[in-house]
Amino acid sequence: MIRTALIQSVRCASRSVTRTQLPASRAIAPCFSVTSTRSTPAPRYPGIRYYSAPAGLSKPEVEGRIMDLLKNFDKVKDASKLSNTSHFSNDLGLDSLDTVEVVMAIEEEFSIEIPDKEADSLLSIDKAVNYILGQPDAH
Amino acid sequence: MALAAYRHVLRSTQVAFQGDLRTLSAARVEARSKFDQNRFLSPSSTEAEQKVLEAKEVARILRQNVVQGEQVTGSKLQEQRYQLRIHEEIERGNNDSIKKGSSLAAAATGFCGGAR
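Residues numbered from 1 in each chain as written. Chains lettered and ligands numbered in written order. Predicted model: local features only at pLDDT ≥ 70, side-chain atom pairs only at ≥ 80, totals over all residues. Heavy atoms only, no water.

Caption draft 1: Representation of the confidence of the model for chain B within the structure. Taken residue by residue, chain B gives an average pLDDT of 83. The fraction at 70 or more is 81%. At the level of chain-chain contacts, confidence expressed as ipTM amounts to 0.71, with global pTM at 0.66. (pLDDT = per-residue confidence, 0-100.)

Following this line, the structure appears as structure tokens:
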């Protein structure tokens, strides 16, 4: 009884392993043959897999990207006041609608969606940086 | 309240005008100017509440009832062909009136795909 159960579980495990490996080897082969026979140059993205682990964002990088974004934001009048801890409205002279726009721009920059509740609390650069650093999906 | 509405409108423009920078930025400028117009309203007034509701409606319509179409190039019927981008949030009508189909007039009132 135990033996059969064991064998079954081992079989299952080996099956699932071979299954997950198959697409990886299959993915690269067809894309060569397909591109040669294709007449229209429509973009095609074969199922190539990237196995690299997601590299987390570093704090200086996040800061730099948010600062660049604010430098290019035309409503920031005094760019010299930009620092790691600048408050959007007190230091940079942005009103509440501008702040919403900045937070939206940050969302788009890091391709994440910040829920309303958190978005309302992001009022300074360091808060935004810390929030982004806490998001595993941000990139 | 109003800020959340503004955020929703901006998000909706992103959904509705994806990849269309010119329209996207125009829509955002328009949204901004509308919100700026009513800047003086006190947040507790009914008028402000109405405006916020209006903004939410705008956001909904942008999301559900605006379909992007791109002209298909390279086909023989170049002028008449458009590729529509119907994303998952677009409102789908069930076209019940078409199934009844008893008279032409009934069919004419049915709308196609919810894109009114």
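Caption draft 2: Quick peek at helix H5 (residues 125-133) of chain A. Residues and elements named next belong to chain A. Taken residue by residue, H5 has Ile 125, Ala 128, Val 129, Tyr 131 and Ile 132 as its buried positions. Taken down its axis, H5 places every buried residue within 165° of arc, on the same side. Among the structural elements, helix H2 (59-71), helix H3 (96-109) and helix H4 (116-121) are those in contact with the buried residues of H5. (Buried < 20%, exposed > 50% of the residue type's maximum accessible area, 1.4 Å probe, protein only. Helix = DSSP H or I, 4+ residues; strand = E, 2+ residues; numbered from the N terminus. Arc of directions from axis to C-beta. Contact = heavy atoms within 4.5 Å.)

Caption draft 3: Summary view of the confidence of the model for chain A. On average, residues of chain A score 75 in pLDDT, and 63% of them are at 70 or above. Considering only residues more than four positions removed or in separate chains, one finds that residues 16-38 of chain A, a stretch of pLDDT under 50, has nine contacts.

Caption draft 4: Summary view of the side chain of Asn65(B). Residue and element names in this part refer to chain B. Residue position: Asn 65 is located in the loop between helix H3 (46-64) and strand E1 (68-71). Note on Asn 65: relative accessible area 17%, which makes it buried. Side chain to side chain, Asn 65 and Glu 91 meet in a polar contact 3.1 Å long. (Polar contact = N/O pair within 3.5 Å; in protein donor to acceptor, adjacent residues only side chain to side chain.)

Caption draft 5: Representation of the pattern of salt bridges in the model. All chains considered together, the criterion is met by 18 salt bridges over all chains. The shortest N-O distance in the salt bridge between Arg39(B) and Asp95(A) comes to 2.7 Å. Highlighted residues: Arg39(B) in the loop between helix H2 (21-37) and H3 and Asp95(A) in the loop between H2 and H3, drawn from two different chains. Residue classification places Asp95(A) among the partly exposed positions, given a relative accessible area of 24%. Note that Arg7(B) is salt-bridged to Asp120(A), the shortest N-O span being 2.9 Å. (Salt bridge = Lys/Arg side-chain N within 4 Å of Asp/Glu carboxyl O.)

Caption draft 6: The arrangement of a nonpolar patch on the surface in detail. A contiguous nonpolar patch, built from Tyr82(B), Leu84(B) and Ile86(B) and spanning about 310 Å² of accessible area, is present on the exposed surface. Overall, Ile86(B) belongs to the partly exposed group, its relative accessible area being 43%. (Patch = residues over 30% accessible without salt bridge, like charges linked within 9 Å, V, L, I, M, F, W, Y side chains within 5 Å. Areas by Shrake-Rupley, 256 points an atom, 1.4 Å probe, with all protein chains shown as cover.)

Caption draft 7: Quick look at the interface of chain B and chain A. Counting residues at the interface gives 13 residues for chain B, matched by 15 residues for chain A. Considering only the surface of chain B that becomes buried against chain A, Arg7(B), Arg11(B) and Arg32(B) emerge as the three largest contributors, covering 50% of it. Counting every contact that joins chain B to chain A gives nine salt bridges. Residue Asp116(A) pairs with Arg7(B) through a salt bridge whose shortest N-O separation is 3.0 Å. (Buried area = accessible area lost by both parts, 1.4 Å probe.)

Caption draft 8: Highlighting the packing of helix H1 (residues 2-16) of chain B against H2(B). Residue and element names in this part refer to chain B. It is at 9 Å that the axes of H1 and H2 come closest, and there the two elements cross at 165°. Taken together, the axes of H1 and H2 lie roughly antiparallel to each other. Viewed along their axes, H1 and H2 form a crossing whose handedness is right-handed. Contacts from Ala 2, Ala 5, Tyr 6, Val 9, Leu 10, Thr 13 and Gln 14 in H1 reach Leu 24, Ala 27, Arg 28, Ala 31, Arg 32 and Phe 35 in H2. Looking at side-chain class alone, the contact of H1 with H2 contains nine nonpolar, two polar and two charged residues. (Axes fitted to C-alpha atoms, helices over the stretch in contact; angles between N-to-C directions. Parallel < 35°, antiparallel > 145°, perpendicular 65-115°, else oblique. Left-handed = near helix turned anticlockwise from the far one by under 90°. Nonpolar A, V, L, I, M, F, W, Y, C, P; charged D, E, K, R; others polar.)

Caption draft 9: Summary view of the environment of Ala105(A). Residues and elements named next belong to chain A. Along the chain, the position of Ala 105 falls in helix H3. Here Ala 105 falls in the partly exposed class, since its relative accessible area comes to 24%. Expressed as a C-alpha distance, the spacing of Ala 105 and Leu 69, which sit 36 residues apart in the sequence, is 7.7 Å.

Caption draft 10: Looking closely at H2(B). The end-to-end C-alpha separation of H2(B) is 24 Å, in line with the 24 Å expected for 17 residues at 1.5 Å each. Within H2(B), burial applies to Leu24(B), Ala27(B), Arg28(B), Ala31(B), Arg32(B) and Phe35(B). Buried residues in H2(B), looked at end-on, bunch into an arc of 135°, giving them a common side. For H2(B), the exposed residues lying more than 90 degrees away from the buried face are Arg22(B) and Val29(B). Those residues of H2(B) that are buried lie in contact with H3 of chain A together with H1 and H3 of chain B. (Expected span 1.5 Å × (residues − 1).)

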